[in-house]
Amino acid sequence: MGKVSGRIGGAIGGYDVDASIEDGVISGRIGGAILGNDINVNYSMEEGSIAGRVGGAIVGKNIEGKIGPDFLSVRIGGVIDGYDLDLETRGNSVCGRCGGPVIGFEVNIEIADNQVTGRLGGDVIGMDVAGYVENVDPIIAGAIFAIAYYIYQVNHRNSGSHGNTGNN
């Protein structure tokens, strides 16, 4: 059984990642126990397919696309409200982009000695990655962290605070 765990962002304002990988199934949780989402995804390197869901049956995002040992190309969410995630491995690195050329974020992750480090987003707006992997293909680990950051962005965009209306 494989394991991916860690944190995106710091102790405050970040997201935990905790997933198990076994027999082509990724299952676990991203975010916290209360303000988080389940992840349930099936994949087959042989068939080149990956599909599943992050979140619950009603509030969540579908994941569907293609996967191979050194690439991943999926859609997270629907046609209108989703993002494309394209990743590739280069040695110990997992690199790519989630979203389009203007709205989205870069993925730059290094995996060495079971440790995951790197950054999701840019130098100014983004979050660091610190994690641990065991018996997991780098493309799977990179995908889990990138999907977690995408969900983090969606959840924080949708739960932004609203200003005072002036009605006291």
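Scroll up to find the structure.
The structure reproduced in this document is the subject of the present report. (Residues numbered from 1 in each chain as written. Predicted model: local features only at pLDDT ≥ 70, side-chain atom pairs only at ≥ 80, totals over all residues. Heavy atoms only, no water.)

**Description of the pairing of strand β8 (residues 83–90)**
With burial as the criterion, only one face of β8 is covered, namely that bearing Y83, L85, L87 and T89; the residues D84, D86, E88 and R90 on the opposite face remain uncovered. Where β8 and strand β9 (residues 93–99) come together, six bridges link them in antiparallel fashion. What sits directly across from T89, in β9, is V94. As consecutive antiparallel partners, β8 and β9 are separated by two residues, and within that stretch G91 has a phi angle of approximately 65°, a positive value. (Buried < 20%, exposed > 50% of the residue type's maximum accessible area, 1.4 Å probe, protein only. Helix = DSSP H or I, 4+ residues; strand = E, 2+ residues; numbered from the N terminus. Pairing = 2+ DSSP bridges.)

**Let's talk about the nonpolar core**
V4, I21, I26, L72, L85 and I140 are the most contacted members of the largest nonpolar core, which has 48 residues in total. A total of 14 residues in this core trace back to one element, the largest contributor, which is helix α1 (residues 138–158). Those residues in contact with I21, other than ones at most four positions away along the chain, are M1, G2, K3, V4, I26, Y43, V136, I140 and I144. (Core = buried A, V, L, I, M, F, W, Y, C linked by side-chain atoms within 4.5 Å. Contact = heavy atoms within 4.5 Å.)

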